[in-house]
Amino acid sequence: MKLTFLTPIGAVLLAAPAFGQGVPLQAHLTGPVQPVVKFEIVGKTIPKPLTDQPGDPVRGKRVVTDASNSTCLICHQMPLPEQPDQGQIAPPLDGIGGRYTAAELRLRLVNPKLLTPDTMMPAYYRVDGLTRVQPQYQGRTIYSAQDIEDAIAFLLTLK
């Protein structure tokens, strides 16, 4: 099965030289809504990265633990003892890097409802088909394309 979707991509983040340092999280939520790019879903994966810049696992850890945005720790436990009050309503993420490929994780983060329609996990990189979106967030994703790639790079370290 092959599907093509349009999604926004943070041009501000693509222009930055060093993603692990100096790029604020949530930079894609300010300024004009960024243009959309195509990506393909093949089977249960998004095989190609959403950006040309490889994911940064250090920044990815910041992305998935950032309490000011949508942290994975709200629902999941992770092997991060320095992070208190981890969620217990979704599967733990210990070992996730050994269970899934980058392409499989990419689809799970971009739009998990394509895999599990009744999941409560949000689609972190989707703008279409959503309901009750506040006006300032319409047309914007929860994570930027680079946030997705950085989160994947971090999750792949959890083996």
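All of the points below concern the structure found in this document.

Some words on the overall build of the protein chain
Argument step 1. Broken down by element type, the protein chain carries five helices and two strands.
Argument step 2. The helix and strand sequence of the protein chain, counted from the amino end, reads β-α-β-α-α-α-α.
Argument step 3. Relative to its full complement of 159 residues, the protein chain shows a buried share of 43%.
Argument step 4. For the protein chain, restricting intrachain contacts to residue pairs at least 6 apart in sequence, the fraction spanning at least 24 positions comes to 67%.
Argument step 5. Carbon and sulfur atoms make up 58% of the accessible area of the protein chain, which totals about 8700 Å².

Thoughts on the nonpolar core
Argument step 1. The biggest cluster of nonpolar side chains holds 26 residues, and the ones touching the most others in it are L50, M78, L109, I148, F154 and L155.
Argument step 2. Looking at this core, the elements with two or more residues in it are β2 (36-42), α2 (57-65), α4 (102-110) and α5 (145-155).
Argument step 3. Every residue in contact with I148, bar those within four places of it in the chain, is listed here: L50, R106, L109, Y124, Y125 and Y143.

As for the pattern of salt bridges
Argument step 1. Tallying each qualifying case throughout the model produces five salt bridges.
Argument step 2. Of the charged contacts in the structure, one is a salt bridge between D147 and R59, with a shortest N-O distance of 2.7 Å. You can see D147 sitting in helix α5 and its partner R59 sitting in helix α2, a full 88 residues away along the chain.
Argument step 3. Take D147: its relative accessible area is 2%, and that puts it in the buried class.
Argument step 4. K61 serves as the salt-bridge partner of E82, at 2.9 Å between the closest nitrogen and oxygen. One end of the pair, E82, is in the loop between α2 and α3 (96-99); the other, K61, is in helix α2, with 21 residues separating them in the sequence.
Argument step 5. You can call E82 partly exposed: its relative accessible area is 46%.

Side note on the state of the cysteines
Argument step 1. Under the criterion given, the structure shown has zero disulfides.
Argument step 2. Note on C72: no disulfide assigned, nearest cysteine sulfur contributed by C75 at a separation of 8.8 Å.
Argument step 3. Here C72 falls in the buried class, since its relative accessible area comes to 7%.

A few points about the packing of α2 against α5
Argument step 1. The N-to-C vectors of α2 and α5 enclose an angle of 105°; their axes lie 7 Å apart at closest approach. One way to sum up the angle between α2 and α5 is to call them roughly perpendicular. Residues P57, R59, G60, K61, V63 and V64 of α2 lie in contact with α5, whose contacting residues are Q146, D147, D150, A151, A153 and F154.
Argument step 2. The residue makeup of the contact of α2 with α5, split by class, is six nonpolar, two polar and four charged.

Rules of the game
- Each chain has its residues counted from 1, following the order in which its sequence is written.
- Local features are withheld for residues below a pLDDT of 70 in this predicted model, meaning they are given only at 70 or higher, and side-chain atom pairs are given and counted only at 80 or more; totals for whole chains, interfaces and linings count all residues.
- To obtain the side-chain values, all non-hydrogen atoms of the structure were included, while hydrogens and water were left out.
- Think of it this way: any DSSP run of H or I at least four residues long counts as a helix, any run of E at least two long counts as a strand, and we number them from the N terminus.
- Burial classification: accessible surface area is computed with a 1.4 Å probe over protein chains only, and a residue below 20% of its type maximum counts as buried, one above 50% as exposed, and the rest as partly exposed.
- In what follows, a contact means two residues having at least one pair of non-hydrogen atoms within 4.5 Å.
- A 1.4 Å probe and the Shrake-Rupley method give the accessible areas. Residues count as covered only by the protein chains that appear here.
- In this description, a nonpolar core means a group of buried Ala, Val, Leu, Ile, Met, Phe, Trp, Tyr and Cys residues linked to one another through side-chain atoms lying within 4.5 Å.
- Here a salt bridge means any side-chain nitrogen of Lys or Arg lying within 4 Å of a carboxyl oxygen belonging to Asp or Glu.
- The disulfide criterion used throughout: a pair of cysteine sulfur atoms within 2.5 Å.
- Every axis corresponds to a line fitted to the C-alpha atoms, with the helix fit spanning only the stretch in contact, and the corresponding angles, defined between N-to-C directions, vary from 0 to 180 degrees.
- Here is the rule for angles: anything less than 35 degrees is roughly parallel, anything more than 145 is roughly antiparallel, 65 through 115 is roughly perpendicular, and the remaining ranges are oblique.
- When residues are grouped by polarity, Ala, Val, Leu, Ile, Met, Phe, Trp, Tyr, Cys and Pro land in nonpolar, Asp, Glu, Lys and Arg in charged, and all others, Gly among them, in polar.

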